[in-house]
Amino acid sequence: MKALPLPAGWKLFHTLAALILLMTALVLATHPLGVDGLRSAIRATARSSFALFLLTFLASTLVTLLPGPPSRQLLRERRYLGLAFAFSHTVHGVLIYLYAQRYPELFWAGRSTLANIPGSVGYLFILLLSLTSFKAPMRLLGPRLWKGLHSTGTWVLAAVFCLSFYKRIPMGGWYPLAFALIVAAIALKLIAKQVQRARRAAPALSH
């Protein structure tokens with residue numbers, strides 16, 4: 001199977017960012033009531049963020065389990081997909097902030113400060129991962145620290161998504177599917193790690 005003729009590099013990031021802004025504007029425009037528009041836009045950007053995170057999270061996994069041009073193309077574009085995820089979730093965060101400022105009673109209904117901690121930790125790691133996606137911070141950290149930070153950060157974000165979707169399963173809608181998808185993605189990543197270990201061990205066993 002050939003790799004898809006998609007934009008690459010910064011062109012891919014700019015295309016995805018423009019699509020996210022267009023989607024957000026359309027959602028807000030089609031909901032004349034402010035609160036409904038904000039809630040719908042928050043849900044829409046949550047979905048775009050999750051989709052982009054899954055692609056970033058699974059890029060190396062797919063190369064291991066399904067090697068071929070499409071998976072290798074995905075891995076090559078992982079940096080820009082990750083930055084597009086950060087952009088999408090920044091828009092998501094801005095919308096949440098506007099919702100909390102304009103409708104504090106609705107925002108805090110059934111919500112506590114403690115419940116915001118996982119999301120805040122997630123945003124901290126998004127900031128760290130985004131800043132260290134550029135050459136100067138990468139050189140400053142060095143390969144070992146950089147790899148450790150990005151590996152830890154992606155797992156923390158996966159855990160935050162998992163917890164967020166798990167808590168919302170009783171609400172129905174897309175949350176049960178989203179929870180199943182993140183659990184499946186985590187399982188696939190763990191399987192890929194086992195496959196990589198087995199492949200590294202195979203030459204040693206053959207001697």
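Preceding block: the structure.
Definitions and limits used
Residues numbered from 1 in each chain as written. Predicted model: local features only at pLDDT ≥ 70, side-chain atom pairs only at ≥ 80, totals over all residues. Heavy atoms only, no water. Phe/Tyr/Trp six-rings, centres within 6.5 Å; stacked < 30°, edge-to-face > 60°. Helix = DSSP H or I, 4+ residues; strand = E, 2+ residues; numbered from the N terminus. Buried < 20%, exposed > 50% of the residue type's maximum accessible area, 1.4 Å probe, protein only. 1 Å grid on protein atoms, 1.4 Å probe; cavity = no way out; pocket = protein on both sides within 12 Å on 5 of 7 lines; lining within 4 Å. Points joined across faces, edges and corners; volume = space filled by probe spheres on them. Nonpolar A, V, L, I, M, F, W, Y, C, P; charged D, E, K, R; others polar.

A.B. asks: Looking at this structure, I do not really get the packing of aromatic side chains. What am I missing?
C.D. replies: The description of two aromatic rings rests on the distance between their centres and on the angle between their planes. In total, this model carries 20 aromatic pairs according to the counting rule given. A centroid spacing of 5.4 Å and a plane angle of 50° characterise the contact between Phe-50 and Phe-161, whose relative ring orientation is tilted. In this pair, Phe-50 is assigned in helix α2 (residues 34-65) and Phe-161 in helix α8 (residues 143-167), connecting sequence segments 111 residues apart. When its relative accessible area of 3% is taken as the criterion, Phe-50 is described as buried. Ring plane angle 55° and centroid distance 5.5 Å describe the contact between Phe-53 and Phe-85, whose orientation is recorded as tilted. Of this pair, Phe-53 sits in helix α2 while Phe-85 sits in helix α4 (residues 78-102), and the two are 32 residues apart along the sequence.

A.B. asks: What exactly am I supposed to notice about the layout of surface pockets here?
C.D. replies: The rolling of a water-molecule-sized probe over the atoms marks out the regions of remaining empty space. The computed volume of the largest pocket comes to approximately 1,300 Å³. Forming the boundary of the largest pocket are 38 residues, of which His-92, Ile-96, Arg-111, Ser-164 and Arg-168 lie nearest the centre. Elements with a minimum of two residues in the lining of the largest pocket: α2, α4, α5 (104-108), α6 (117-131) and α8. Looking at the lining of the largest pocket, the element that brings in the most residues is α4, giving eight residues. Here the lining of the largest pocket is built from residues that sort into 23 nonpolar, ten polar and five charged. Size it by volume and the second largest pocket reaches roughly 850 Å³. Arg-78, Trp-146, His-150, Ser-151 and Thr-154 are, among the 31 residues lining the second largest pocket, the residues nearest its centre.

Distances and angles like these do not, on their own, reveal function.
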